[in-house]
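# Tertiary structure, described
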Amino acid sequence: MRYKIGKDIVIRSENAAKPEAQSSSYLNKLIAQLKPVHSSFDFGCGKLRYERAIARTTDELALVDSEVQLSRTQMIRGRSTTIRDYVRKSNQVHAYTVNQFASHSRKYDRGFCINVLSVIPSASVRMGIVQLMRTKLKPGCSCLFVSLYRNSDFTRMQRLPNCKPYDNGFLMDSLRGYSFYGLIPPDDLVSLVERGGFKAESVKLDEGSAYLWAKSPDKAREPTQFDIRESLENFQIRAS
């Protein structure tokens, strides 16, 4: 997704996406131990870093990201392709833009939001995404939120001349454009998720990341309306 800051800065969150080869062994083990469910979604799927691990635990998997991320040509497991083309022939895995995900009536048994919220430079977008995911889960179903709260590399990176502080992190200007790198303390992550309508159930910390399991309400709430606007230079999501 891309976020416009001021007149000239466009944050390209796709720059922060990492390949499957750089996945977390802790998280892969956690996912592998989950009981199978019928349907799951991976919000902010990036370069399909955890797609195969999640797919082993579910009959159907929805990959959700921006139009830019789903349609751009990139290296996926050694192939130059797009995410849409990579999953096109699968009967199990399907790719959706955020707008498509919000628009269809499907409810899911489990959700994942892995290293997504910390790379979003907008508090209102973070909240909108949490609220959207809550409405896409069946009552009483779980979502795993993963976010960095500590990173030793950030201290070094922040000293670079092409970096400057912004919100809960910093901006980096490179040949690929601007990127945002943020940290969300565990207590702040819990607060964000609960304000978005979830009930926080457990938090575990490992290697600078917080792993928060949260549940959607047992009783379905009234549907929340979302105003989602996406362009090549800007992404906005507002709940009402």
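Below is a short write-up of the structure. (Residues numbered from 1 in each chain as written. Predicted model: local features only at pLDDT ≥ 70, side-chain atom pairs only at ≥ 80, totals over all residues. Heavy atoms only, no water.)

### Considerations on the overall build of the protein chain
Applicable threshold: Secondary structure elements follow DSSP: runs of H or I of four or more residues count as helices, runs of E of two or more count as strands, with numbering from the N terminus. Only C-alpha atoms enter the radius of gyration, while the globule expectation follows 2.2 Å times N to the 0.38, with N the number of residues. When accessible area is computed with a 1.4 Å probe and restricted to protein chains, residues below 20% of their type maximum are described as buried, those above 50% as exposed, and intermediate ones as partly exposed. Only heavy atoms enter the contact rule, under which two residues are in contact if any of them lie within 4.5 Å. The charge count includes Lys and Arg as positive and Asp and Glu as negative, but it does not include His or the ends of the chains. All charge positions are set by atom: Lys at NZ, Arg at CZ, Asp at CG, Glu at CD.
Looking only at helices and strands, one finds 8 helices and 16 strands in the protein chain. Relative to the compact-globule value of 18 Å for 240 residues, the protein chain shows a C-alpha radius of gyration of 17 Å, a close match. Along the first, second and third principal axes, the C-alpha atoms of the protein chain reach 50 × 40 × 35 Å. Counting every position in the protein chain, which comprises 240 residues, the buried fraction comes to 51%. Across the protein chain, every contact between residues at least 6 apart in sequence was considered, and the portion connecting residues at least 24 apart equals 64%. Side-chain charges in the protein chain split into 37 positive and 25 negative, and the spacing between the mean points of these groups amounts to 1 Å.

### A word on the side chain of Thr 81
Looking at where Thr 81 falls in the secondary structure, it is placed in strand β6 (residues 79-81). The contact partners of Thr 81, leaving out residues within four places of it in the chain, are Arg 72, Thr 73, Gln 74, Ile 76 and Tyr 86.

### Overview of the pattern of salt bridges
Test applied: Criterion for a salt bridge: a side-chain nitrogen of Lys or Arg within 4 Å of a carboxyl oxygen of Asp or Glu.
Applying the stated rule across the entire model yields 6 salt bridges. A salt bridge links Arg 77 to Glu 51, with the shortest nitrogen-to-oxygen separation between them at 2.9 Å. You can see Arg 77 sitting in the loop between β5 (74-76) and β6 and its partner Glu 51 sitting in helix α2 (residues 51-55), a full 26 residues away along the chain. For Glu 51, a relative accessible area of 7% gives the class buried.

### What to know about the packing of aromatic side chains
Heads up, the condition is: Working definition: rings of Phe, Tyr and Trp (its six-membered ring) pair if their centres are within 6.5 Å, and the pair is stacked with planes under 30 degrees apart, edge-to-face with planes over 60 apart, and tilted otherwise. Consider the ring centre and the ring normal. A charge sits over the ring if Lys NZ or Arg CZ is within 6 Å of that centre and within 35 degrees of that normal.
With the rule as written, the count across this model stands at 8 aromatic pairs. The rings of Phe 41, Phe 43, Phe 101 and Tyr 108 are connected pair by pair, giving a single aromatic cluster. Over the ring of Phe 101 we find Lys 136; its NZ or CZ atom is 5.6 Å from the centre of that ring.

### Re the environment of Tyr 108
Threshold: Here a polar contact is taken to be a pair of N or O atoms separated by no more than 3.5 Å, where protein atoms must pair a possible hydrogen donor with a possible acceptor and residues adjacent in sequence count only if both atoms sit in side chains.
Among the secondary structure elements, Tyr 108 is positioned in strand β8 (residues 108-114). Given the relative accessible area of 3%, Tyr 108 is considered buried. The sequence separation of Tyr 108 and Pro 139 amounts to 31 residues, and the corresponding C-alpha distance is 9.4 Å. When sequence neighbours within four positions are dropped, the list of residues in contact with Tyr 108 reads Ser 39, Ser 40, Phe 41, Ala 62, Tyr 96, Phe 101, Lys 136, Leu 137, Lys 138 and Cys 141. There is a polar contact of 3.3 Å between the side chain of Tyr 108 and the side chain of His 104.

### A few points about the layout of surface pockets
As a reminder, the rule being used: Buried and open spaces are told apart on a 1 Å grid over the protein atoms alone, a cavity being a set of points where a 1.4 Å probe fits but cannot get out and a pocket being an open set with protein on both sides within 12 Å along at least five of seven lines. Residues with an atom within 4 Å of a point are the lining residues. Grid points are joined across faces, edges and corners, and a volume is the space filled by probe spheres set on the points. Note on residue categories: nonpolar means Ala, Val, Leu, Ile, Met, Phe, Trp, Tyr, Cys or Pro, charged means Asp, Glu, Lys or Arg, and polar means any other residue, Gly included.
Put simply, the largest pocket is a space of about 970 Å³. For the largest pocket, the lining is made up of 43 residues, of which Ala 16, Lys 18, Arg 49, Asn 115 and Leu 148 are closest to its centre. In terms of residue count, helix α7 (residues 152-157) provides more of the lining of the largest pocket than any other element does, 4 residues in total. For the lining of the largest pocket, the class distribution of residues is 18 nonpolar, 15 polar and 10 charged. Its boundaries defined by the atoms lining it, the second largest pocket holds a volume of some 240 Å³. Lining the second largest pocket are 13 residues, with Ala 102, Thr 135, Lys 136, Thr 224 and Phe 226 sitting closest to its centre. Breaking the lining of the second largest pocket down by element, the ones donating at least two residues are α5 (98-103) and β15 (226-230). Taken together, the residues of the lining of the second largest pocket sort by class into 4 nonpolar, 7 polar and 2 charged.

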